[in-house]
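# Descriptive structure summary
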Amino acid sequence: MTERRRSRPRVAGPRRLRVAGLVGSVLMAAGAYRAGALPGGDPTGTAYRWGLVVWLIGLVTLSAAWWRLGVPLRTGGPVPDGGPARAGGMVPASRWLLVTGACWALPLLVAPPTASRDLYSYACQGALWLDGVDPYSVGVADGGCRWTDAVPVLWQHTPTPYGPLAVALSGAAVAVARTVAGAADPQLLVTVGLLRVVALAGAALVAGFLPGWPGPAASTPGRRSGWACSPRWSPCTWCPARTTTGW
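Nothing here was measured: the structure is a model prediction, and the numbers come from that model.

### A look at the overall build of the protein
Along the backbone of the protein there are 9 helices and 2 strands. Going residue by residue from the N terminus, the α and β elements of the protein occur as α-α-β-β-α-α-α-α-α-α-α. A buried classification covers 42% of the 247 residues belonging to the protein. Within the protein, contacts between residues separated by at least 24 positions form 70% of all contacts whose residues are at least 6 apart in sequence. Accessible area of the protein: about 12,800 Å², with a carbon and sulfur share of 66%.

This is the structure we're talking about:
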(Lines give C-alpha, C1' and ligand atoms only; values in the text may rest on other atoms or scores of the structure.)
Protein backbone atom coordinates (compact mmCIF):
# COMPACT_ATOMS: atom_id res chain seq x y z
CA MET A 1 0.00 0.00 0.00
CA THR A 2 2.83 2.36 0.83
CA GLU A 3 4.49 1.72 -2.51
CA ARG A 4 1.26 2.44 -4.36
CA ARG A 5 0.81 5.73 -2.54
CA ARG A 6 4.34 6.76 -3.43
CA SER A 7 3.97 5.71 -7.04
CA ARG A 8 0.95 7.86 -7.81
CA PRO A 9 2.72 11.26 -7.51
CA ARG A 10 5.42 10.01 -9.87
CA VAL A 11 2.85 10.07 -12.69
CA ALA A 12 0.74 12.97 -11.51
CA GLY A 13 3.50 15.57 -11.13
CA PRO A 14 4.50 16.12 -14.77
CA ARG A 15 0.89 15.71 -15.83
CA ARG A 16 -0.05 18.52 -13.49
CA LEU A 17 2.64 20.63 -15.14
CA ARG A 18 1.25 19.74 -18.56
CA VAL A 19 -2.23 20.80 -17.45
CA ALA A 20 -0.89 23.97 -15.81
CA GLY A 21 0.89 24.95 -19.02
CA LEU A 22 -2.24 24.23 -21.05
CA VAL A 23 -4.30 26.39 -18.69
CA GLY A 24 -1.77 29.19 -19.09
CA SER A 25 -1.91 28.87 -22.87
CA VAL A 26 -5.72 28.95 -22.86
CA LEU A 27 -5.68 32.05 -20.65
CA MET A 28 -3.28 33.76 -23.06
CA ALA A 29 -5.51 32.89 -26.01
CA ALA A 30 -8.62 34.12 -24.20
CA GLY A 31 -6.94 37.34 -23.13
CA ALA A 32 -5.78 37.97 -26.70
CA TYR A 33 -9.39 38.27 -27.86
CA ARG A 34 -9.76 41.29 -25.56
CA ALA A 35 -6.26 42.73 -25.51
CA GLY A 36 -4.70 41.41 -28.71
CA ALA A 37 -3.85 43.13 -31.98
CA LEU A 38 -7.24 42.74 -33.64
CA PRO A 39 -7.72 43.81 -37.28
CA GLY A 40 -10.33 46.42 -36.36
CA GLY A 41 -7.93 48.47 -34.27
CA ASP A 42 -6.34 48.45 -30.85
CA PRO A 43 -8.82 47.59 -28.07
CA THR A 44 -9.41 50.03 -25.23
CA GLY A 45 -11.42 50.32 -22.05
CA THR A 46 -12.17 47.91 -19.23
CA ALA A 47 -12.36 44.87 -21.50
CA TYR A 48 -8.84 45.57 -22.73
CA ARG A 49 -7.46 45.91 -19.21
CA TRP A 50 -9.06 42.67 -18.05
CA GLY A 51 -7.88 40.91 -21.18
CA LEU A 52 -4.34 42.11 -20.58
CA VAL A 53 -4.44 40.87 -16.98
CA VAL A 54 -5.70 37.45 -18.11
CA TRP A 55 -3.02 37.28 -20.82
CA LEU A 56 -0.23 38.12 -18.37
CA ILE A 57 -1.47 35.56 -15.83
CA GLY A 58 -1.48 32.98 -18.60
CA LEU A 59 2.04 33.89 -19.68
CA VAL A 60 3.37 33.58 -16.13
CA THR A 61 1.57 30.25 -15.63
CA LEU A 62 2.87 28.79 -18.90
CA SER A 63 6.42 29.99 -18.29
CA ALA A 64 6.41 28.60 -14.75
CA ALA A 65 5.23 25.20 -15.96
CA TRP A 66 7.94 25.11 -18.63
CA TRP A 67 10.63 26.13 -16.16
CA ARG A 68 9.48 23.67 -13.49
CA LEU A 69 9.53 20.82 -15.99
CA GLY A 70 12.64 21.86 -17.89
CA VAL A 71 15.25 22.61 -15.23
CA PRO A 72 15.59 18.99 -14.02
CA LEU A 73 15.96 17.88 -17.63
CA ARG A 74 18.95 20.19 -18.14
CA THR A 75 20.62 19.10 -14.91
CA GLY A 76 19.87 15.42 -15.29
CA GLY A 77 17.95 15.37 -12.02
CA PRO A 78 14.57 13.76 -11.41
CA VAL A 79 11.49 15.43 -12.81
CA PRO A 80 9.22 16.98 -10.13
CA ASP A 81 7.30 14.07 -8.51
CA GLY A 82 8.70 11.72 -11.16
CA GLY A 83 6.62 10.99 -14.25
CA PRO A 84 6.23 8.98 -17.44
CA ALA A 85 9.92 8.41 -17.92
CA ARG A 86 12.71 6.57 -19.62
CA ALA A 87 16.41 6.26 -18.78
CA GLY A 88 15.80 4.88 -15.33
CA GLY A 89 13.13 7.40 -14.42
CA MET A 90 15.40 10.42 -14.80
CA VAL A 91 13.57 12.21 -17.62
CA PRO A 92 10.18 11.98 -19.37
CA ALA A 93 10.03 10.27 -22.73
CA SER A 94 10.69 12.53 -25.72
CA ARG A 95 7.27 11.72 -27.16
CA TRP A 96 5.60 12.83 -23.94
CA LEU A 97 7.50 16.13 -24.09
CA LEU A 98 6.54 16.69 -27.73
CA VAL A 99 2.87 16.03 -27.00
CA THR A 100 3.07 18.44 -24.07
CA GLY A 101 4.52 21.15 -26.29
CA ALA A 102 1.81 20.58 -28.88
CA CYS A 103 -0.89 20.87 -26.21
CA TRP A 104 0.57 24.17 -25.07
CA ALA A 105 0.79 25.48 -28.62
CA LEU A 106 -2.71 24.66 -29.89
CA PRO A 107 -4.68 27.39 -28.02
CA LEU A 108 -2.25 30.07 -29.20
CA LEU A 109 -2.50 28.95 -32.82
CA VAL A 110 -6.14 30.07 -32.89
CA ALA A 111 -5.59 33.25 -30.86
CA PRO A 112 -5.36 36.76 -32.34
CA PRO A 113 -1.89 38.28 -32.68
CA THR A 114 -0.60 39.94 -29.53
CA ALA A 115 1.96 42.62 -28.70
CA SER A 116 2.42 43.69 -32.33
CA ARG A 117 0.34 44.60 -35.40
CA ASP A 118 3.30 44.13 -37.75
CA LEU A 119 1.80 40.89 -39.03
CA TYR A 120 -0.83 42.85 -40.94
CA SER A 121 1.84 44.94 -42.63
CA TYR A 122 3.52 41.73 -43.81
CA ALA A 123 0.22 40.60 -45.30
CA CYS A 124 -0.21 43.92 -47.09
CA GLN A 125 3.33 43.87 -48.44
CA GLY A 126 2.70 40.41 -49.85
CA ALA A 127 -0.55 41.62 -51.42
CA LEU A 128 1.21 44.55 -53.08
CA TRP A 129 3.92 42.28 -54.49
CA LEU A 130 1.30 39.84 -55.76
CA ASP A 131 -0.56 42.68 -57.51
CA GLY A 132 2.59 43.87 -59.26
CA VAL A 133 3.28 46.84 -56.98
CA ASP A 134 6.84 47.26 -55.74
CA PRO A 135 6.68 47.16 -51.89
CA TYR A 136 10.24 48.52 -51.80
CA SER A 137 9.07 51.77 -53.38
CA VAL A 138 5.77 52.53 -51.65
CA GLY A 139 4.06 51.86 -48.36
CA VAL A 140 1.01 49.68 -48.04
CA ALA A 141 -1.38 52.65 -47.88
CA ASP A 142 0.09 54.28 -50.97
CA GLY A 143 0.05 50.94 -52.77
CA GLY A 144 -3.67 50.47 -52.18
CA CYS A 145 -3.74 47.50 -49.79
CA ARG A 146 -7.28 46.66 -48.70
CA TRP A 147 -6.10 45.88 -45.18
CA THR A 148 -4.33 49.18 -44.53
CA ASP A 149 -6.58 50.03 -41.57
CA ALA A 150 -5.19 47.01 -39.70
CA VAL A 151 -1.58 48.12 -40.25
CA PRO A 152 0.08 50.37 -37.63
CA VAL A 153 0.10 54.00 -38.74
CA LEU A 154 3.87 54.02 -38.37
CA TRP A 155 4.21 51.49 -41.21
CA GLN A 156 1.39 52.52 -43.52
CA HIS A 157 3.59 54.74 -45.67
CA THR A 158 6.90 52.92 -45.14
CA PRO A 159 8.31 50.59 -47.81
CA THR A 160 9.16 47.11 -46.63
CA PRO A 161 12.63 46.64 -45.09
CA TYR A 162 12.53 42.86 -45.53
CA GLY A 163 14.22 40.72 -48.14
CA PRO A 164 12.67 39.25 -51.29
CA LEU A 165 12.12 35.81 -49.73
CA ALA A 166 10.03 37.24 -46.90
CA VAL A 167 7.95 39.29 -49.33
CA ALA A 168 7.50 36.30 -51.64
CA LEU A 169 6.34 34.10 -48.76
CA SER A 170 3.84 36.78 -47.76
CA GLY A 171 2.67 36.99 -51.35
CA ALA A 172 2.24 33.21 -51.50
CA ALA A 173 0.12 33.32 -48.34
CA VAL A 174 -2.07 36.03 -49.86
CA ALA A 175 -2.41 34.03 -53.09
CA VAL A 176 -3.66 31.00 -51.17
CA ALA A 177 -6.02 33.18 -49.13
CA ARG A 178 -7.53 34.66 -52.29
CA THR A 179 -8.10 31.16 -53.61
CA VAL A 180 -9.95 29.83 -50.58
CA ALA A 181 -11.76 32.99 -49.43
CA GLY A 182 -13.76 35.57 -51.34
CA ALA A 183 -14.16 38.63 -49.11
CA ALA A 184 -11.33 40.80 -47.82
CA ASP A 185 -11.77 40.01 -44.12
CA PRO A 186 -11.69 36.21 -44.47
CA GLN A 187 -8.71 36.57 -46.80
CA LEU A 188 -6.84 38.49 -44.11
CA LEU A 189 -7.59 35.81 -41.52
CA VAL A 190 -6.35 33.05 -43.84
CA THR A 191 -3.23 35.06 -44.67
CA VAL A 192 -2.49 35.62 -40.98
CA GLY A 193 -2.89 31.91 -40.30
CA LEU A 194 -0.54 30.94 -43.12
CA LEU A 195 2.08 33.47 -42.05
CA ARG A 196 1.88 32.03 -38.56
CA VAL A 197 2.65 28.59 -40.01
CA VAL A 198 5.64 30.09 -41.83
CA ALA A 199 6.87 31.66 -38.57
CA LEU A 200 6.58 28.36 -36.71
CA ALA A 201 8.41 26.55 -39.49
CA GLY A 202 11.22 29.11 -39.30
CA ALA A 203 11.47 28.81 -35.54
CA ALA A 204 11.58 25.01 -35.82
CA LEU A 205 14.38 25.19 -38.38
CA VAL A 206 16.41 27.53 -36.19
CA ALA A 207 15.89 25.29 -33.16
CA GLY A 208 16.74 22.18 -35.12
CA PHE A 209 19.96 23.40 -36.69
CA LEU A 210 21.47 25.45 -33.87
CA PRO A 211 24.10 23.62 -31.82
CA GLY A 212 22.79 22.03 -28.63
CA TRP A 213 22.69 24.28 -25.58
CA PRO A 214 25.74 23.43 -23.45
CA GLY A 215 25.26 22.16 -19.97
CA PRO A 216 25.49 19.16 -17.65
CA ALA A 217 22.71 17.37 -19.52
CA ALA A 218 25.08 16.75 -22.42
CA SER A 219 26.66 13.91 -20.48
CA THR A 220 23.54 12.57 -18.72
CA PRO A 221 20.87 10.08 -19.80
CA GLY A 222 18.54 13.04 -20.31
CA ARG A 223 20.65 14.78 -22.94
CA ARG A 224 18.17 14.10 -25.74
CA SER A 225 15.37 15.68 -23.72
CA GLY A 226 17.49 18.51 -22.32
CA TRP A 227 16.41 20.74 -25.20
CA ALA A 228 13.13 21.21 -23.34
CA CYS A 229 14.79 23.72 -21.02
CA SER A 230 16.84 25.45 -23.70
CA PRO A 231 15.95 29.14 -24.10
CA ARG A 232 15.06 28.53 -27.72
CA TRP A 233 12.13 26.35 -26.54
CA SER A 234 10.97 28.80 -23.90
CA PRO A 235 7.37 30.06 -24.12
CA CYS A 236 8.91 33.52 -24.24
CA THR A 237 10.42 32.47 -27.58
CA TRP A 238 7.59 30.43 -29.01
CA CYS A 239 4.63 32.56 -27.92
CA PRO A 240 5.63 35.44 -30.21
CA ALA A 241 6.09 32.93 -33.04
CA ARG A 242 2.64 31.52 -32.41
CA THR A 243 0.83 34.78 -31.92
CA THR A 244 2.75 37.17 -34.17
CA THR A 245 5.51 37.02 -36.73
CA GLY A 246 7.37 40.05 -35.54
CA TRP A 247 7.61 40.72 -31.82
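### Here's the deal with the packing of helix 4 (residues 118-130) against helix 7 (residues 164-180)
For the pair helix 4 and helix 7, interaxial distance at closest approach is 7 Å and the crossing angle is 80 degrees. If you check the angle between helix 4 and helix 7, you find them roughly perpendicular. Mapping the contact onto sequence places Tyr122, Ala123, Gln125, Gly126, Ala127, Trp129 and Leu130 in helix 4 and Val167, Ala168, Ser170, Gly171, Val174, Ala175 and Arg178 in helix 7. Tallied by class, the residues present in the contact of helix 4 with helix 7 amount to 9 nonpolar, 4 polar and 1 charged.

### With respect to the state of the cysteines
One pass over the full model with this rule turns up 1 disulfide. Between the sulfur atoms of Cys124 and its disulfide partner Cys145 the distance amounts to 2.0 Å. Residues Cys124 and Cys145 are joined through a disulfide that is left-handed, its torsion about the S-S bond being -75 degrees. Taken as a pair, Cys124 in helix 4 and Cys145 in the loop between helix 5 (140-143) and helix 6 (153-156) lie far apart in primary sequence, 21 residues in all. Residue Cys124 is classed as buried on the basis of its relative accessible area, which comes to 0%.

### Some thoughts on the confidence of the model for the protein
Looking at the protein as a whole, the pLDDT averages 76, with 68% of positions reaching at least 70. Confidence drops under a pLDDT of 50 for residues 5-12, and excluding neighbours within four residues, the segment shows 9 contacts in the predicted structure. In this model, residues 85-90 is a region of pLDDT below 50 whose contacts with residues beyond four sequence positions or in other chains number 17 contacts.

### Considerations on the nonpolar core
Residues Tyr120, Cys124, Val140, Cys145, Trp147, Leu188 and Leu195 are the most contacted members of the largest nonpolar core, which totals 18 residues. Taken together, the elements giving at least two residues each to this core come down to helix 4, helix 7 and helix 8 (184-209). It is helix 4 that provides the largest number of residues to this core, a total of 7 residues. Contact partners of Val140, with chain neighbours within four places excluded, come to Ser121, Cys124, Gln125, Leu128, Cys145, Thr148, Val151, Trp155 and Gln156. Trp55, Ala65, Trp66 and Leu108 belong to the second-largest nonpolar core, a separate cluster that totals 8 residues.

### Examining the pattern of salt bridges
Charged atoms that come close allow side chains of opposite charge to pair. Following the criterion strictly, the structure yields 1 salt bridge and no others. Measuring nitrogen to oxygen at the nearest pair gives 2.8 Å for the salt bridge that ties Asp131 to Arg178. One end of the pair, Asp131, is in the loop between helix 4 and helix 5; the other, Arg178, is in helix 7, and 47 residues separate them in sequence. Arg178 gets classed as partly exposed once you look at its relative accessible area, which sits at 32%.

### Topic: the side chain of Ser121
Looking at the element boundaries, Ser121 is found in helix 4. Of the residues examined, Ser121 reaches a relative accessible area of 3% and is grouped as buried. Once you skip the residues sitting within four places of it in the chain, Ser121 turns out to touch Val140 and Val151.

### Structural notes on the environment of Ala64
Within the secondary structure, Ala64 is located in helix 2 (residues 45-75). When the C-alpha positions of Ala64 and Gly21 are compared, they lie 7.9 Å apart, and in sequence the two are 43 residues distant.

### Let's talk about helix 4
A rise of 1.5 Å per residue sets the reference length of helix 4, with its 13 residues, at 18 Å; its end C-alpha atoms lie 19 Å apart and thus fit the reference within 8%. Along helix 4, the residues that are buried comprise Asp118, Leu119, Tyr120, Ser121, Tyr122, Ala123, Cys124, Gln125, Gly126, Ala127 and Leu128. Positive backbone phi, at 90 degrees, marks Gly132, one or two positions downstream of helix 4.

Rules and cut-offs
Residues numbered from 1 in each chain as written. Predicted model: local features only at pLDDT ≥ 70, side-chain atom pairs only at ≥ 80, totals over all residues. Heavy atoms only, no water. Helix = DSSP H or I, 4+ residues; strand = E, 2+ residues; numbered from the N terminus. Buried < 20%, exposed > 50% of the residue type's maximum accessible area, 1.4 Å probe, protein only. Contact = heavy atoms within 4.5 Å. Areas by Shrake-Rupley, 256 points an atom, 1.4 Å probe, with all protein chains shown as cover. Axes fitted to C-alpha atoms, helices over the stretch in contact; angles between N-to-C directions. Parallel < 35°, antiparallel > 145°, perpendicular 65-115°, else oblique. Nonpolar A, V, L, I, M, F, W, Y, C, P; charged D, E, K, R; others polar. Disulfide = S-S within 2.5 Å. pLDDT = per-residue confidence, 0-100. Core = buried A, V, L, I, M, F, W, Y, C linked by side-chain atoms within 4.5 Å. Salt bridge = Lys/Arg side-chain N within 4 Å of Asp/Glu carboxyl O. Expected span 1.5 Å × (residues − 1).

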